[in-house]
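# Tertiary structure, described
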Amino acid sequence: MKKYLLNEINILRSVEHPNIIKLKEVVDTKHNKFLFFEYCNGGELSKCLNKYKESHHTTFPESYCQHLISQIVSGVQYLHSRKILHRDLKLENILINFKDESDKKNLRMDKSDVKIIDFGFSRYLNSGLAKTIVGTPGDMAPNLLLKLGGLDNNPSFGYDEKADIWSLGVICYNLLVGVPPFEAKTYEELVNKIQKGEYKIPSNVNLSIESISFLNSMLVYDPKKR
């Protein structure tokens, strides 16, 4: 835990972007480290999505998703330009800050700012490929998921920023459809669905051609084509 905490501090001190959480201060005491971040009044994006679904009985409109995803992509693009892999992108690691209390109350996602958080698993990719398996299985790129379960014995295993791109696809699908693209009760079922590329757009969800194309360009099994 100490290793990941120090890693998060080091990376956050080296970055500055409007869609990445700002680390304000680190205070050391005898037994603890206290990290002070900028305040985000909307909490986790996952909770905003759930509240919206409960109150509107549907997921976000495309305009909201576009507003959110464009900011997330901007932050991730910045990280990748600095050779930083996030490695744990998911709805829970995106915070929301609304412009005012009225927008927060009405969940006006198009009036909010996105902040990417939780850089404990992040790392620089200055040379070669990353090999350590970290992240959340449901949001994890296929090659990492196979390695996690001992299903990939390739000695030359490794991954790059394309793993983050897969996770972006999962986030985008969640926002547009309201549920994860690959739902399973067991690890084996999850792997099987991802290997087959079994994700569908429900018939009651009307997405534009652009949104479908965007999803299909990220949720690609082969990282070279992602």
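This text goes with the structure placed above it.
Here is a short report on the structure shown in this document. This one's a predicted model, so the numbers in the text were calculated from it and none came from an experiment.

The rules we used
Residues numbered from 1 in each chain as written. Predicted model: local features only at pLDDT ≥ 70, side-chain atom pairs only at ≥ 80, totals over all residues. Heavy atoms only, no water. Salt bridge = Lys/Arg side-chain N within 4 Å of Asp/Glu carboxyl O. Buried < 20%, exposed > 50% of the residue type's maximum accessible area, 1.4 Å probe, protein only. Helix = DSSP H or I, 4+ residues; strand = E, 2+ residues; numbered from the N terminus. Polar contact = N/O pair within 3.5 Å; in protein donor to acceptor, adjacent residues only side chain to side chain. Contact = heavy atoms within 4.5 Å. Pairing = 2+ DSSP bridges.

### Side note on the pattern of salt bridges
For the coordinates displayed, the defined rule picks out six salt bridges. In this structure, K90 engages D88 in a salt bridge whose closest nitrogen and oxygen atoms are separated by 4.0 Å. With a relative accessible area of 6%, D88 lands in the buried category.

### Observations regarding the side chain of H80
Mapped onto the fold, H80 is located in helix α3 (residues 62-81). Of the residues examined, H80 reaches a relative accessible area of 18% and is grouped as buried. In this structure the side chain of H80 is engaged in a polar contact, spanning 2.9 Å, whose partner is the side chain of D164. Not counting chain neighbours up to four residues away, the residues in contact with H80 comprise L85, E161, D164 and I165.

### What to know about the pairing of strand β2 (residues 33-37)
Relative to β2, strand β1 (residues 23-28) is paired through five bridges, and the arrangement is antiparallel. Along β2, the bridge assignment pairs E25 with F36.

### With respect to the sheet that holds strand β6 (residues 112-116)
The antiparallel open sheet is built from three strands, whose spatial order is β3-β5-β6. Both outer strands of the open sheet, β3 (43-44) and β6, are each paired with one neighbouring strand and no more. Note: β3 against strand β5 (residues 94-98), two bridges, orientation antiparallel. Of the residues in β5, the one forming a bridge with G43 is I96.

### A few points about unusual backbone geometry
Positioned with a positive phi, H57 is a non-glycine residue whose angle comes to about 60°. Mapped onto the elements, H57 comes out in the loop between α2 (45-56) and α3. Although it is not a glycine, L107 sits at a positive phi angle of roughly 50°. Turning to its location among the elements, L107 is positioned in the loop between α4 (101-105) and β6.

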